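Structural features, examined
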Amino acid sequence: MSNPCILVVEDEVKLAQFIELELKYEGYTVTVVNDGLSGLTTARESNPDLILLDWMLPGISGLDICKRLRQTGSKVPIILLTAKDDISDRVAGLDAGADDYIVKPFNLEELLARVRANLRRNHEEDPDLLQFLDLSLNRNTREVFRGSRLIELTAKEFDLLEYLMSHPKQVLSRDQILERVWGYDFMGDSNIIEVYVRYLRLKLEAEQEKRLIQTVRGVGYVLRD
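Residues numbered from 1 in each chain as written. Predicted model: local features only at pLDDT ≥ 70, side-chain atom pairs only at ≥ 80, totals over all residues. Heavy atoms only, no water.

What to know about the domain arrangement of the chain
Domain parsing of the chain yields domain 1 (5-123) and domain 2 (129-223). Taking the mean C-alpha position of each, domain 1 and domain 2 sit 31 Å from one another. With 6 residues of domain 1 at the contact, the number on the domain 2 side is 9 residues. Regarding the contact of domain 1 and domain 2, the summed buried area is about 610 Å², with carbon and sulfur atoms giving 55% of it. (Domains from an automatic or database assignment. Contact = heavy atoms within 4.5 Å. Buried area = accessible area lost by both parts, 1.4 Å probe.)

A look at the sheet that holds strand β8 (residues 143-146)
For sheets, the rule is that strands pair by backbone hydrogen bonds, running either parallel or antiparallel. Taken in spatial order, the 4 strands line up as β6-β7-β8-β9 in an open sheet, and their pairing is antiparallel. Each having just a single partner strand, β6 (129-132) and β9 (149-151) make up the two edges of the open sheet. The sheet shows a mean angle of 20° between the axes of neighbouring strands, direction not considered. Where β6 and strand β7 (residues 135-138) come together, 4 bridges link them in antiparallel fashion. In the strand pairing of β7, Q131 is matched with S136. Lying over the sheet, helix α8 (residues 192-204) contacts β7, β8 and β9, oriented at roughly 160° with respect to β9. (Pairing = 2+ DSSP bridges. Helix = DSSP H or I, 4+ residues; strand = E, 2+ residues; numbered from the N terminus. Axes fitted to C-alpha atoms, helices over the stretch in contact; angles between N-to-C directions.)

Some points on the packing of helix α6 (residues 155-166) against helix α7 (residues 174-182)
In contact at an axis separation of 10 Å, α6 and α7 are set at 130° when each is read in the N-to-C sense. By the angle between their axes, α6 is oblique relative to α7. The way α6 lies across α7 gives a crossing that is right-handed. Residues K156, D159, L160 and Y163 of α6 pack against Q176, I177, R180, V181 and W182 of α7. Of the residues in the contact of α6 with α7, the class split is 5 nonpolar, 1 polar and 3 charged. (Parallel < 35°, antiparallel > 145°, perpendicular 65-115°, else oblique. Left-handed = near helix turned anticlockwise from the far one by under 90°. Nonpolar A, V, L, I, M, F, W, Y, C, P; charged D, E, K, R; others polar.)

Right, here's the structure in full:
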């Protein structure tokens, strides 16, 4: 299993560097950005496992980033870092969608413990949300998002995408896909897979997004960057 990826959005450069160094020492993969807009963009594009998010940022505030990510269905754990210590501020942060809250100046060991706890909780909690880069699929609501864009899929398109997203970076043969998505007793034309992959690509790439469903010639398909 790869190391969890943590996005640090913090405009105090020295503090951001200190957090980055400590998290890397603990074995995490870390990305650091120093303003709100970069934070929101990076969160949507890189699909981190957890975000450490400063409240007061140039551009868009941490609170607004939180709200916008939650509005688009993102369930990434968010820990707010802030100098604001009033109960009303804590409530506002949690209401905006933050999972946790740490007041500056903070103890490093506490920060690391909160990171571990939130990663663990998220890993246990959400088997119904599949995510790959900026593509997310919710099995419960049957909603699919590319970034913040909601994508309308037919039932069979959804089933095919769910199967691909359940096995990211794994090459799936046409036989595997036919059996899993259409049923082992399917008697129709196996070209049905090509047709549905084309439909999916048209919808997933409608705004010139990069291709995620790749063809492996002579074998089948794979979901990869």
